[in-house]
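# Structural description and commentary
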Amino acid sequence: MLEKTVAELSVALKAKKVSSVELTQGFLDRISKYRDLNAFISLDPERSLAQARAADARLATGQAGPLTGIPIAQKDIFCADGWLTTCGSKMLSNFVAPYDATVIERFNAAGAVCLGKTNMDEFAMGSSNETSFYGPVKNPWDTQAVPGGSSGGSAAAVAARLAPAATGTDTGGSIRQPAALTGITGIKPSYGRVSRYGMIAFASSLDQGGPMTRTAEDAALLLNAMCGFDVRDSTSVDQPVPDFSAGLNSSIKGLKIGLPKEYFGAGLSADVAKVVEAAIAEYRKLGAEVVEVSLPNSQLAIPCYYVLAPAEASSNLARFDGVRYGHRAPEYKDLSDMYCKSRAQGFGAEVKRRILIGTYVLSAGYYDAYYLQAQRLRRLITDDFNRAFEKCDVIMGPTTPTTAFNLGAKKDDPVAMYLSDIYTISVNLAGLPGMSIPAGFGADNRPVGLQLIGKYFDEARLLNAAHQYQQATDWHKKSPKGFA
Ligand code: GLN
């Protein structure tokens, strides 16, 4: 039962083949069996099982929706009432959220069960889950490898069947990159689709929550629950939310796929290229047409992002001062010493690096040279996409330049680490929806992801294209040895 998808579990729950309590207990047992993966930061079985019992009662009345009774692992960036919510940081290691993020509230309303809070890079800064205060997460496909980041715990949990589905957040690739590296499906919706209320902020103009699942069909079910206007988030978009499940079975004959030539050049490893090309060939068989497009400024996405994201982070993280939020140093001389010591002790090295960069690029003497210039670049990158979408419906390419690298391999080389998001970051800068689906394996037998990028608010088309591919292939059904 635990290997089933959300859609299958939903049918089983309604048919009374299994109860939510049984499912929840089953996944909790599996999580403890595989605790060496370090996929979860906190579990609260009592709380999860209470939700499961309530879901079973709702199922018994026939008032259940598609997610009623489904256990879902939540990235530890989402505030959940009564749950420890650490954001992967020592700074918040004792923070029990007093309220629910909108995303959590929506899952609760749908009757889903919160299975636990997943491990993540500290404040979502990272691409390998190695910056977490709670230690790295292992990739179930090869425990020597990273699962990607920052939503590494969610990705590992879904890949190892410790949870049927999970949430992630994506500021520069943190849903898509770990999805690719662990062979699962993940979608970052258009900026504004999913409320950021109660989702601890990293870079507010880029952050977006989304589902991490085995299949596109499941991603649609979760997105249906997650999306929608929220008055409590001023960047939430008041735009009708379609039923993302409704169009999954439409034919993709005539779908125009744009392949950006910049995504297939130097830096892309040969084995990943081969898998992506095979996936495109499969799409041709399904009736899609392929055209070449160009995103000429894509090599500027990383420098642009590493000015803007730290700038926003330095401002967002100012609230963690040991007074309003966060760890307070046990000993200090005066107020200013208390701030300094609390922040020095509470934040890890990567977070400090970002705060330093961000404060620097926003300082009076450098604002024009760095911050403003990066804002201009952001516009050029967005314009590239708009032009490319005049020629195609969906853009496809690799999600990452390589398969999962080994734990420790890039830990001391931040620039090499930053380059693992080369194909994902520009999508956040433009605010577009992006998705990664499993498409095969590299030379090292580690998973490869195919990235799909859509027009604004065109998630339904991405999900449709992904679902059609998953109907024709079975990469998404593969599971890591030892976790089958
Ligand atoms: N790896 C990128 C970073 O460290 C993106 C992280 C994310 O999307 N949250 O900033």
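Provided above is the structure to which this section pertains.
What counts, and at which threshold
Residues numbered from 1 in each chain as written. Predicted model: local features only at pLDDT ≥ 70, side-chain atom pairs only at ≥ 80, totals over all residues. Heavy atoms only, no water. Helix = DSSP H or I, 4+ residues; strand = E, 2+ residues; numbered from the N terminus. Rg over C-alpha atoms; globule rule 2.2 N^0.38 Å. Buried < 20%, exposed > 50% of the residue type's maximum accessible area, 1.4 Å probe, protein only. Contact = heavy atoms within 4.5 Å. Pairing = 2+ DSSP bridges. Core = buried A, V, L, I, M, F, W, Y, C linked by side-chain atoms within 4.5 Å. Near = heavy atom within 4 Å. Polar contact = N/O pair within 3.5 Å; in protein donor to acceptor, adjacent residues only side chain to side chain. Areas by Shrake-Rupley, 256 points an atom, 1.4 Å probe, with all protein chains shown as cover. Phe/Tyr/Trp six-rings, centres within 6.5 Å; stacked < 30°, edge-to-face > 60°. 1 Å grid on protein atoms, 1.4 Å probe; cavity = no way out; pocket = protein on both sides within 12 Å on 5 of 7 lines; lining within 4 Å. Points joined across faces, edges and corners; volume = space filled by probe spheres on them. Nonpolar A, V, L, I, M, F, W, Y, C, P; charged D, E, K, R; others polar. Expected span 1.5 Å × (residues − 1). Axes fitted to C-alpha atoms, helices over the stretch in contact; angles between N-to-C directions. Parallel < 35°, antiparallel > 145°, perpendicular 65-115°, else oblique. Left-handed = near helix turned anticlockwise from the far one by under 90°. Salt bridge = Lys/Arg side-chain N within 4 Å of Asp/Glu carboxyl O.

Our focus in this paragraph is the overall build of the protein chain. The number of helices and strands found in the protein chain is 15 helices and eleven strands. Over its C-alpha atoms the protein chain spans a radius of gyration of 21 Å, differing by no more than 12% from the 23 Å that the globule rule assigns to 484 residues. Structurally, the protein chain occupies a C-alpha span of about 65 × 55 × 45 Å along its principal axes. Counting the 484 residues in the protein chain, one finds 61% classified as buried. Sequence separation of 24 or more characterises 76% of the internal contacts of the protein chain that already satisfy a separation of 6 or more.

The next subject is the pairing of strand β4 (residues 165-169). Counting buried positions over the five residues of β4 gives five, a clear majority of the element. On β4, burial covers both faces: Ala165, Thr167 and Thr169 on one face and Ala166 and Gly168 on the other are all buried. Sheet analysis places β4 next to strand β6 (residues 209-213), joined by five bridges and oriented antiparallel. The residue of β6 that forms the bridge with Ala166 is Met212.

Turning to the nonpolar core, a few remarks are in order. Core analysis: the largest hydrophobic core is formed by 146 residues, its most contacted members being Phe123, Tyr283, Phe385, Leu450, Leu452 and Leu463. Counting residues per element, this core draws most heavily on helix α9 (residues 301-316), which supplies ten residues. Those residues within four positions of Leu452 in sequence are excluded, and the remaining contacts are Tyr283, Val394, Ile395, Met396, Pro433, Gly434, Met435, Ile437, Leu462, Ala465 and Ala466.

Turning next to the site of the ligand. Among the 15 residues in the neighbourhood of the ligand, the closest are listed as Thr171, Gly172, Ser174, Tyr305 and Asp421. Here a nitrogen atom of the ligand sits 2.8 Å away from a polar atom, N or O, in the main chain of Ala124. In the model, a nitrogen atom of the ligand is placed 3.5 Å from a nitrogen or oxygen of the Ser150 side chain. Here the ligand loses 100% of its free accessible area of 290 Å² to cover by the protein chains.

What you tend to see is this: most non-glycine residues have negative phi, and most peptide bonds are trans. Cis geometry marks the peptide bond from Gly149 to Ser150, where omega comes out at 10°. By the element assignment, Ser150 lies in the loop between β3 (113-118) and α5 (152-159). Despite not being glycine, Arg161 shows a phi value in the positive range, around 60°. Mapped onto the elements, Arg161 comes out in the loop between α5 and β4. A relative accessible area of 5% places Arg161 in the buried class. One non-glycine residue, Phe457, adopts positive backbone phi at about 60°. With respect to the helices and strands, Phe457 occurs in the loop between β11 (447-454) and α15 (459-472). Looking at Phe457, the relative accessible area reads 24%, which means it is partly exposed.

Our next topic: the packing of aromatic side chains. Tallying each qualifying case throughout the model produces 17 aromatic pairs. Relative to Phe483, the ring of Tyr34 lies with its centre 4.6 Å away and its plane at 50°, an arrangement referred to as tilted. A residue pair is termed long-range when its members are at least 10 positions apart, and Tyr34 in the loop between α2 (20-33) and β1 (40-42) and Phe483 in the segment after α15 qualify at 449 residues. There is no split in this pair, since Tyr34 and Phe483 are both buried.

Moving on: the layout of surface pockets. Roughly 360 Å³ of internal volume is contained in the largest pocket. What lines the largest pocket is a set of 26 residues, and nearest its centre among them are Glu130, Thr131, Ala349, Glu350 and Lys411. Elements with a minimum of two residues in the lining of the largest pocket: α10 (335-346), α11 (349-361) and α13 (414-418). Residue classes in the lining of the largest pocket are distributed as eight nonpolar, eight polar and ten charged. When its volume is computed, the second largest pocket comes out at roughly 310 Å³. Around the second largest pocket, the lining is made up of 15 residues, and of these Tyr99, Met199, Ile200, Ala201 and Arg319 lie nearest the centre. Taken together, the residues of the lining of the second largest pocket break down into ten nonpolar, two polar and three charged.

A few words now on empty space enclosed by the protein. Counting across every chain of the model gives four cavities of 30 Å³ or more. Here the largest cavity is characterised by a volume of approximately 70 Å³. The wall of the largest cavity is formed by 13 residues, among which Ala124, Gly126, Ser174, Tyr305 and Asp421 lie closest to the centre. Broken down by class, the residue content of the lining of the largest cavity amounts to six nonpolar, five polar and two charged.

This brings us to α15. Here α15 is 14 residues long and its end C-alpha atoms lie 20 Å apart, about the 20 Å a rise of 1.5 Å per residue gives. By the criterion of burial, α15 is predominantly enclosed, with ten of the 14 residues buried. Every buried residue of α15 is listed here: Glu459, Leu462, Leu463, Asn464, Ala465, Ala466, His467, Gln468, Tyr469 and Gln470. Buried residues belonging to α15 abut β5 (185-188), α7 (216-226), α8 (270-285), β9 (394-398), β10 (434-441) and β11.

Between α2 and helix α3 (residues 45-61), the least distance of the axes is 8 Å, while the angle of their chain directions is 155°. By the angle between their axes, α2 is roughly antiparallel relative to α3. Note on packing geometry: the crossing formed by α2 with α3 is right-handed. Judged by residue contacts, Ser20, Val21, Thr24, Gln25 and Leu28 of α2 engage Pro45, Ser48, Leu49, Ala52, Arg53, Ala55 and Asp56 from α3.

With that settled, consider the pattern of salt bridges. In the structure shown here, the tally under the stated rule is 18 salt bridges. With a shortest N-O distance of 2.8 Å, Asp142 and Arg446 are connected by a salt bridge. A residue pair is termed long-range when its members are at least 10 positions apart, and Asp142 in the loop between β3 and α5 and Arg446 in the loop between β10 and β11 qualify at 304 residues. Overall, Arg446 belongs to the buried group, its relative accessible area being 9%. Salt-bridge contacts for Asp230 lead to Arg232; the nearest nitrogen and oxygen are separated by 3.4 Å. Through salt bridges with shared partners, a single ionic network connects Glu105, Asp230 and Arg232.

Everything listed is a geometric property; what it means functionally is a separate question.
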